[in-house]
Amino acid sequence: MQDALEFSKQELAKLQEEENKLKAKELEVKYDLEKYVDLLIENQHKMKHWKKEIQKLTLHKMLGQEEEEKLEELTEEQLDDVNAEAVQFEITVLEEKLAGMKPNLAAIQQYKKKEEAYLQRVGEYDELTENRNKARRDLEEKRKQRLDMFMKGFSAINEYLKEMYQMITLGGDAELELVDSLDPFSEGIVFSVRPPKKSWKQICNLSGGEKTLSSLSLVFALHQFKPNPLYVMDEIDAALDFKNVSIVGHYITERTKNAQFIVISLRNNMFELADRLVGIYKIDNCSQTVAINPKKLSC
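Residues numbered from 1 in each chain as written. Predicted model: local features only at pLDDT ≥ 70, side-chain atom pairs only at ≥ 80, totals over all residues. Heavy atoms only, no water.

A. Examining the overall build of the protein more closely. When helices and strands are tallied, the protein shows 9 helices and 7 strands. Its C-alpha radius of gyration of 58 Å places the protein more than 25% over the 19 Å reference for a compact globule of 299 residues. Judged by the C-alpha coordinates and their principal axes, the protein covers about 195 × 50 × 35 Å. For the protein, with 299 residues in total, the buried portion stands at 18%. Within the protein, counting contacts between residues at least 6 apart in sequence, those at least 24 apart form 49% of the total. Roughly 24400 Å² of accessible area belongs to the protein as shown, and the carbon and sulfur atoms make up 55% of that amount. The positive charge centre, built from 44 side chains, and the negative charge centre, built from 54, are 14 Å apart in the protein. (Helix = DSSP H or I, 4+ residues; strand = E, 2+ residues; numbered from the N terminus. Rg over C-alpha atoms; globule rule 2.2 N^0.38 Å. Buried < 20%, exposed > 50% of the residue type's maximum accessible area, 1.4 Å probe, protein only. Contact = heavy atoms within 4.5 Å. Areas by Shrake-Rupley, 256 points an atom, 1.4 Å probe, with all protein chains shown as cover. Lys, Arg positive; Asp, Glu negative; His and termini not counted. Charge placed at Lys NZ, Arg CZ, Asp CG, Glu CD.)

B. Representation of the packing of aromatic side chains within the structure. Under the defined criterion, the tally for this structure stands at 4 aromatic pairs. Pairing F150 with F154 gives two aromatic rings, centres 5.9 Å apart and planes at 20°, and the pair type is stacked. Taken as a pair, F150 and F154 lie in helix α4 (residues 107-169) at a separation of 4 residues, close to a single helical turn. Overall, the relative accessible area of 25% leaves F150 in the partly exposed class. The interplanar angle of 40° and the centroid separation of 4.4 Å between the aromatic rings of F220 and Y251 together place this pair among those described as tilted. Within this pair, whereas F220 is found in helix α6 (residues 208-225), its partner Y251 is found in helix α7 (residues 242-255), the two being separated by 31 residues in sequence. Given the relative accessible area of 6%, Y251 is considered buried. Joined through ring pairs, the aromatic side chains of F150, F154 and F185 make up one cluster. A cation over a ring is seen here: K35 above Y36, with NZ or CZ 5.5 Å from the ring centre. (Phe/Tyr/Trp six-rings, centres within 6.5 Å; stacked < 30°, edge-to-face > 60°. Lys NZ or Arg CZ within 6 Å of the ring centre and 35° of its normal.)

C. A look at the pairing of strand β2 (residues 189-194). As paired elements, strand β1 (residues 173-178) and β2 share 6 bridges and run antiparallel to each other. In the strand pairing of β2, E175 is matched with S192. As paired elements, β2 and strand β3 (residues 201-202) share 2 bridges and run antiparallel to each other. Within β3, the residue paired with S192 across the bridge is Q202. Between β2 and the antiparallel strand that follows it, β3, lie 6 residues; K197 among them carries a positive phi value of about 65°. (Pairing = 2+ DSSP bridges.)

D. How the structure looks around the nonpolar core. Counting residues in hydrophobic clusters, the biggest one holds 28 residues, and the most contacted among them are F220, V248 and F261. Broken down by secondary-structure element, the contributors of at least two residues to this core are α4, β1, β2, α6, β4 (230-234) and α7. Filtering out sequence-adjacent residues up to four positions away, F220 remains in contact with M164, I168, M233, V248, Y251, I252 and F261. (Core = buried A, V, L, I, M, F, W, Y, C linked by side-chain atoms within 4.5 Å.)

Have a look at this one:
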């Protein structure tokens, strides 16, 4: 009987000890449960806060982006697989970076305005460039047209000059040369002549009579290329001999009937070829004029 009582006491002590362990574990579980309940309540509040913040967020379409991206919503199964501590650490790091960056949230709108202004300026620049290129093409076309017309006229006048000089000098030769054949408008023209039985010379190296004949040959060549209605010549025969005065006078009379020449002269053989002769004289310090028709007087 005594042994059975001892055994029962030992069993009771074991049960009490095990009961104490279970109570201690129960207290520990209750403590953990309360902690997780508090954490759950805190996370629920955070969830409500971040849902409100998410609703405030808007996605802006970036340059080259065709479709707007949507925020991903996770299911409960995906949320169970998320490591809360890792996400919390990542959020903390990003918040610290964001606080240090201080981004300008209006930068995208400002960029759009700047981009719109830039595209407008680019369009204006392209239009101005096209207008400039068109003007350049027109200018080059006009320059080419001017060069073609000039070279055509220059060649014709050069041929007429040779004929005129050979006719007036009875055997001489004359020529116009371009100083710069690639750009005839930059340097000018050289006038060279070869009087009868002489060598080639530039007009500046000729005598007075030779210069007169060369100049008249050029004037008559220009008249043959493009006639003018009126010419005024002042003592063109002053440096010429009798023969050359007659040659020039007969050319004016016979070959230039489509123009009127007013020639101031002191040579008789020039007077005789005139259609109308106007004389100027002075009486009592007053200039007087008289006009006569030499052909009627000769009759």
